[in-house]
Amino acid sequence: MLLRASPLPPLEARILLTHVLGWRQTQLITRADEALDSAHVERYRTLEARRVAGEPVAQLVGAREFFGLEFEVTPHVLIPRPETELLVETALTAMENVSRPRVLDLGTGTGAIAVAIASMRPDAQVSALDRSAEALAVARRNAVRLLDAKRPGGAVTFTQSDWYDSLDAALRFNVIVSNPPYIASGDSHLSQGDLRHEPRGALTDEADGLSAIRAIVAGAPARLAANGVLWMEHGYDQAEAVRALLTAQGFADVRSERDLAGIERISGGRLSG
Ligand code: GLN
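Residue positions are given per chain, counted from 1 along the sequence in the order it is written. Totals for whole chains, interfaces and linings use every residue, but because this is a predicted model, local features are given only for residues with pLDDT of at least 70 and side-chain atom pairs only at 80 or more, for both listing and counting. Note that the side-chain values use all heavy atoms of the structure and ignore hydrogens as well as water.

Here we come to the UniProt feature "binding site: S-adenosyl-L-methionine" (unreviewed entry) in the protein. UniProt positions are given in the numbering used here, feature names are shortened, and annotations may be inferred rather than shown by experiment. The sites that carry the UniProt feature "binding site: S-adenosyl-L-methionine" (unreviewed entry) are, in the present numbering, G107, T108, G109, T110, G111, D130, W163 and N179. Checked against the lining of the largest pocket, the annotated residues just named reduce to N179. Numbering of helices and strands starts at the N terminus; helices are DSSP runs of H or I of at least 4 residues and strands are runs of E of at least 2. Note that T110 resides in the loop between strand 3 (102–106) and helix 6 (112–120). Contacts are assigned to residue pairs with any non-hydrogen atoms lying within 4.5 Å of each other. Beyond its immediate stretch of four places on either side in the chain, T110 contacts F71, E72, V73, V77, L78, P80, V138, A139 and N142. Tracing the backbone through its elements, the reader meets W163 in the loop between strand 5 (157–160) and strand 6 (173–178). Its relative accessible area of 18% is what places W163 among the buried residues. Here a cavity denotes grid points, spaced 1 Å and computed from the protein atoms alone, that fit a 1.4 Å probe unable to get out, and a pocket denotes an open set having protein on both sides within 12 Å along at least 5 of 7 lines; residues with an atom within 4 Å of a point are the lining. Each residue is assigned to one of three classes by its accessible area relative to the maximum for its type, calculated with a 1.4 Å probe on protein chains only: buried under 20%, partly exposed between the two thresholds, exposed over 50%.

Shown next, in the form of structure tokens:
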């Protein structure tokens with residue numbers, strides 16, 4: 001009856017209630033007749049009110065699923081989005097024929113991209129960086145909780161760095177991936193929905209939306225091994241501009257991939273020679 005009376009979309013109400021009760025979704029059906037104790041009802045109502053006021057569900061329950069893994073989420077990190085799974089899938093395809101691939105995730109946030117890749121490729125040596133110490137703490141906890149401590153590629157290496165600035169200059173990677181802040185500073189989406197509660201630095205470059213991507217593309221050739229690839233997520237209308245940046249930087253096989261909504265959502269290329 002708590003659920004039926006809720007002003008929230010049914011799925012959101014169910015996520016909040018199962019979180020409070022410590023139940024699985026199916027138990028909302030199998031245990032539907034049970035009376036809930038008042039502390040649980042109170043706790044649910046508090047979360048429901050916070051959700052109605054705009055806080056993201058992922059922050060209220062402290063978690064979001066990505067690539068079949070449950071990531072810890074805090075207000076210090078971008079909430080993993082389903083379309084970013086395309087970036088992981090494309091990176092995995094790019095390293096199919098490379099043994100012990102070296103992978104770098106720029107601006108890792110929750111660590112979702114780095115950890116998903118590391119979980120699918122136990123032999124990969126994965127490095128991840130972020131300029132935010134708070135984000136790195138979340139990413140580290142996710143890596144420890146979600147990855148096999150004995151994976152052949154070893155633990156994911158985390159570095160606090162503004163893009164490549166503090167990264168060991170001798171490192172060369174087979175694959176560089178990033179979901180950088182790509183929303184232009186004046187974009188109205190920044191003041192709508194979940195985005196209002198996510199770290200602004202993870203969403204916008206405070207410029208035209210392409211400045212982080214420019215920095216990532218410009219620094220990539222010096223960090224890529226021969227035939228290494230760079231793939232980045234970007235905004236719905238940025239694919240052509242990102243391809244142009246990659247081509248101008250000397251990348252070959254430059255192309256974009258469409259997400260499930262049919263939008264060119266990621267672009268990448270290969271460093272030949
Ligand atoms: N995909 C996010 C959104 O538009 C933005 C993420 C980002 O800037 N990297 O909601």
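Centre distance within 6.5 Å is the pairing criterion for rings of Phe, Tyr and Trp, where only the six-membered ring of Trp is used; planes under 30 degrees apart are then read as stacked, over 60 as edge-to-face, and the remainder as tilted. Taken as a whole and assessed by the stated rule, the structure comprises 2 aromatic pairs. Look at F66 and F67: their rings are 6.2 Å apart centre to centre, the planes differ by 40°, and that puts the pair in the tilted class. The buried category is assigned to F66, whose relative accessible area is 1%. Ring centres of F66 and F71 lie 6.2 Å apart, and the angle between their planes is 70°; this geometry places the pair in the edge-to-face category. For the pair F66 and F71, one class covers both residues: buried. Feature note: the residues F66, F67 and F71 constitute an aromatic cluster, connected by ring pairs.

Take the packing of helix 1 (residues 10–21) against helix 3 (residues 38–52) next. Orientation is described by axes fitted as lines to C-alpha atoms, over the contacting stretch for helices, and by angles from 0 to 180 degrees between their N-to-C directions. Contact geometry for helix 1 and helix 3: axes closest at 9 Å, N-to-C directions at 140°. Judged by the inter-axis angle, helix 1 sits oblique to helix 3. Judged by the sense of rotation from one axis to the other, the crossing of helix 1 with helix 3 is right-handed. Of the residues in helix 3, those in contact with E12, A13, L16, L17, H19, V20 and L21 of helix 1 are H40, R43, Y44, L47, E48 and R51. In this classification, Asp, Glu, Lys and Arg are treated as charged, Ala, Val, Leu, Ile, Met, Phe, Trp, Tyr, Cys and Pro as nonpolar, and every other residue, Gly included, as polar. When grouped by side-chain class, the residues that make up the contact of helix 1 with helix 3 number 7 nonpolar, 2 polar and 4 charged. Oblique is the label for every angle not falling under 35 degrees (roughly parallel), over 145 degrees (roughly antiparallel), or within 65 to 115 degrees (roughly perpendicular). In this scheme the handedness of a crossing depends on how the near helix is turned from the far one: anticlockwise by less than a right angle means left-handed, clockwise means right-handed.

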